[in-house]
Amino acid sequence: MAPYSLLVTRLQKALGVRQYHVASVLCQRAKVAMSHFEPNEYIRYDLLEKNINIVRKRLNRPLTLSEKIVYGHLDDPANQEVERGETYLRLRPDRVAMQDATAQMAMLQFISSGLPKVAVPSTIHCDHLIEAQLGGEKDLRRAKDINQEVYNFLATAGAKYGVGFWRPGSGIIHQIILENYAYPGVLLIGTDSHTPNGGGLGGICIGVGGADAVDVMAGIPWELKCPKVIGVKLTGSLSGWTSPKDVILKVAGILTVKGGTGAIVEYHGPGVDSISCTGMATICNMGAEIGATTSVFPYNHRMKKYLDKTGRADIAHLADEFKDHLVPDPGCHYDQLIEINLSELKPHINGPFTPDLAHPVAEVGTVAEKEGWPLDIRVGLIGSCTNSSYEDMGRSAAVAKQALAHGLKCKSQFTITPGSEQIRATIERDGYAQILRDVGGIVLANACGPCIGQWDRKDIKKGEKNTIVTSYNRNFTGRNDANPETHAFVTSPEIVTALAIAGTLKFNPETDFLTGKDGKKFKLEAPDADELPRAEFDPGQDTYQHPPKDSSGQRVDVSPTSQRLQLLEPFDKWDGKDLEDLQILIKKHGIRWVVVGDENYGEGSSREHAALEPRHLGGRAIITKSFARIHETNLKKQGLLPLTFADPADYNKIHPVDKLTIQGLKDFAPGKPLKCVIKHPNGTQETILLNHTFNETQIEWFRAGSALNRMKELQHQ
């Protein structure tokens, strides 16, 4: 059969039509399903191509990959105003994914909308509520017992409204998405800040709040400020102890925790081909730590290999046919460009207390001594959504196997978190799990566990100074174990394993020697492991619940006496007046108040509660120097005012004893600053200006009391 491109050319000449019409015909014939679980929901590369062509003609310039996928999902590509960093885009995402902690509020809000079914394919993943304590099976049984009413609610709500449900034990949301739902060119939103993991498979996958997910599930166009694009050009190739994790650790050191805010990070260049698909996912996942909207890699043969191995060869074939739309245009422009030579990149370890404090592994011991950080490593932890792939487990096992051959075990405690039931079952079958146990490891449940603080840690007391090393993504103060004195460092799984064996930050596996049980010195060789299993993946236990075809008789399980769940009541509408005499105080006394914050307020939080609880407690405005993207949107969705100082120096003019009046709300309009009158206790006052990023739609949310209230108003019009 003639190649697809040749068929297109012949049909164009014969029919005299534009390319996207031909592509539409052929794509409709192919009808490739988005996933095995939704056989009647198809990939629409034809629509993506059509929209890209419309926007490219309007902009008259080459497009980055990020632009192709984002603009390819515009609700109205012919008329949408497009300007990076300025305009708000109205988009039509392909699907929604929710983890169990955020899915609760998202589903409660969807129930309040009154709609019968979700408008796009959606899934719930039970991964956040399982506490690491004794080991995988025991911890999972305990979590099912403790969280039974939450799991029942999510399962019955999913069944009622057409949402797929992944039961506890199935794995971490982002690994499940990579294995089953992500594909090149997809636009996916997820209620977790590490949703960008799917960029490793060439998709634009963005973390959002629950209210944004509700919009998409309700069939409403989703709004996103048009992202800038940061290009990271990779040259050379990875080798030795250097891993994909070191790429993002290096980038974090360059951009810092807020350097990617408002931008998509797009990796490109010849070095990309030396990174496995799951390695690319690792890099995209931790892009959340630099504040990026998301990160993405161009479609290549490593992604094709992963799709084939995970039973999606049909998607890979279709992506091959449309590959021109799944890579950046030659000559496209990036708002910022970073270049990294992978051949020169050294293993890195970042921390403590922030993921952008980057050190080469060879230097961290010296720095730790100088800074007074504990050198002895109490616990090494591998896994999490960032590094729990088959390749990650294989490289860690390769290090552990060398230690065992010389009679050594880990000097530090050592834990392993498989990313999914499929990964767990496969590493058990292939012997990796047993090797990691033999070296002293404990295999935890297929869940987030210590990475998000679900860790019943017993080896130290709170306040005790100590060091841990992890292959996780975040290491803010108290993140993993609620102890503010835990110095947490993030690095690759193989470096974690090597350091756990040595037991100290001063060990550099590239140059230093260990002493075997026989007293002889030896050096660890750089690990080598297959990126994918040679046999097929073992799927393990079936943990997926399909929504029934007929859910008319399905009841959603919410107990009226529950202490964890409650059906929602709408917030009150704006009363049409300025916000006067707001107390700068957080209390439960029924008074209206305002929070004043510093830079990157709300960093790392996709939790709806971080916006809902201030609203319930009388909060009306949050004034800061800058906001993290997801939290700013969450505040708007719940009817609060996220505002920024027009002059950051005005932050110092406000004191806790002052009261604030926010003026100009009757004439609230996009781009028009509001006035803030600061009333001091001595009777004096001064006025400052506050900026905002509200557009017309978001102003309607504020006036209605919340985005959900506005949705209901529109339904009744």
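On a predicted model such as this, the values are computed, not experimentally measured, just so you know.

(A) Focus on the overall build of the protein chain. Looking only at helices and strands, the protein chain features 22 helices and 30 strands. In terms of overall dimensions, the protein chain has C-alpha extents of about 80 × 80 × 55 Å along its principal axes. Within the span of the protein chain, comprising 717 residues, buried residues form 60% of the whole. When contacts within the protein chain are restricted to residue pairs at least 6 apart in sequence, long-range pairs at least 24 apart make up 73% of them. Total accessible area computed for the protein chain in this model is approximately 27,800 Å², and 49% of it derives from carbon and sulfur atoms. Averaging the positions of the 82 positive and the 85 negative side-chain charges in the protein chain gives two centres separated by 1 Å.

(B) Just the pattern of salt bridges, in detail. In this structure the tally under the stated criterion is 34 salt bridges. The shortest N-O distance in the salt bridge between Glu67 and Arg84 comes to 3.0 Å. Residue Glu67 is located in helix α4 (residues 65-71), and its partner Arg84 is located in the loop between α4 and β3 (88-91); the two are separated by 17 residues in the primary sequence. This pair shows no difference in class: Glu67 is buried, exactly as Arg84 is. A salt bridge links Lys305 to Glu531; the shortest N-O distance between them is 3.5 Å. With Lys305 in helix α12 (residues 301-309) and Glu531 in the loop between β22 (521-522) and β23 (544-545), the pair connects residues that are 226 residues apart, well separated along the chain. Overall, Glu531 belongs to the buried group, its relative accessible area being 14%. Among the charged side chains, a network of salt bridges with common partners joins Arg378, Arg457, Asp459, Glu464 and Asp481.

(C) View of the sheet that holds strand β4 (residues 95-99). Sheet architecture is open: six strands sit in the order β8-β7-β4-β5-β6-β23, paired in mixed fashion. Two strands in the sheet have a free side with no partner beyond their single neighbour: β8 (204-207) and β23. Alignment of strand β6 (residues 164-166) against β23, held across two bridges, turns out to be antiparallel. Following the sheet pairing, Trp166 is matched in β23 by Tyr544. Here helix α8 (residues 173-180) sits on the sheet in contact with β4, β5 (122-125), β6 and β7 (187-190), set at roughly 150° to β4.

(D) View of the nonpolar core. In terms of nonpolar packing, the biggest core is built from 105 residues, with Tyr45, Leu234, Tyr267, Phe297 and Phe414 touching the most fellow members. Per-element tally for this core: the top contributor is helix α18 (residues 493-502), with seven residues. Those residues in contact with Tyr267 that sit more than four places away from it in its chain are Val232, Leu234, Val247, Ile248, Val251, Val272, Ile283, Ser295, Val296, Phe297 and Pro298. Residues Phe165, Ile206, Leu224 and Ala447 belong to the second largest nonpolar core, which totals 56 residues.

(E) Here's a closer look at helix α5 (residues 100-113). With 14 residues, α5 extends 20 Å between its outermost C-alpha atoms, agreeing within 8% with the 20 Å of an ideal straight helix rising 1.5 Å per residue. Extensive coverage of α5 is indicated by the burial of 14 of its 14 residues. Residue Gln99 occupies the N-cap position of α5, its side-chain oxygen lying 2.8 Å from the main-chain nitrogen of Ala101. Where α5 ends, the next residue or the one after it, Gly114, has phi of about 85°, a positive value.

(F) Quick look at the pairing of β5. Judged by which residues are buried, β5 turns out to be covered on both faces: Ser122 and Ile124 on one side and Thr123 and His125 on the other are all buried. By the bridge criterion, four bridges tie β4 to β5 in an arrangement that is parallel. By the bridge assignment, Met98 is partnered in β5 with Ile124. Handedness of the crossover is the feature at issue here: the chain leaves β4, passes through α5, returns alongside β5, and the resulting connection is right-handed.

(G) Examining the environment of Gly639 more closely. Tracing the backbone through its elements, the reader meets Gly639 in the loop between α20 (629-637) and β27 (641-645). Residue classification places Gly639 among the buried residues on the basis of a relative accessible area of 0%. Between the C-alpha atoms of Gly639 and Trp574, which are 65 residues apart in sequence, the distance is 8.4 Å. Apart from residues no more than four positions distant in its own chain, Gly639 is found in contact with Arg615, Arg620, Phe702, Gly705 and Ser706.

About the thresholds
Numbers given for residues are sequential positions, taken from 1 along each chain in its written order. Thresholds applied to this predicted model are a pLDDT of at least 70 for local features of residues and 80 or more for the giving and counting of side-chain atom pairs; totals over whole chains, interfaces and linings are not thresholded and use all residues. Excluding hydrogens and water, the side-chain values take into account all heavy atoms of the structure. Runs of E in the DSSP output that reach at least two residues are strands. Runs of H or I that reach at least four are helices, and both are numbered from the N terminus. Throughout this description, buried means an accessible area under 20% of the type-specific maximum (1.4 Å probe, protein chains only), exposed means over 50%, and partly exposed covers the range between. Note on definitions: a residue-residue contact is assigned when non-hydrogen atoms from the two residues lie within 4.5 Å. Accessible areas in this description were obtained via Shrake-Rupley with a 1.4 Å probe; residue shielding takes into account the shown protein chains only. In this count, Lys and Arg are taken as positive residues and Asp and Glu as negative ones, while His and the chain termini are left out. Lysine's charge is taken at NZ, arginine's at CZ, aspartate's at CG and glutamate's at CD. A carboxyl oxygen of Asp or Glu within 4 Å of a side-chain nitrogen of Lys or Arg is what we treat as a salt bridge. If DSSP finds at least two bridges between two strands, the strands pair. Helix axes use the C-alpha atoms of the stretch in contact, all axes being lines fitted to C-alpha atoms, and the angles between their N-to-C directions lie in the range 0 to 180 degrees. The nonpolar core is taken to be a set of buried Ala, Val, Leu, Ile, Met, Phe, Trp, Tyr and Cys residues, with the residues joined through side-chain atoms within 4.5 Å. Multiplying 1.5 Å by the residue count of a helix minus one yields the expected span of that helix. Polar contacts, as used here, are pairs of N or O atoms within 3.5 Å; protein pairs need one atom able to donate a hydrogen and one able to accept it. Residues neighboring in sequence count only if both atoms are side-chain atoms. Looking down the strands as they point away from the viewer, one classifies a crossover as right-handed if the path from the first strand across the helix to the second runs clockwise.

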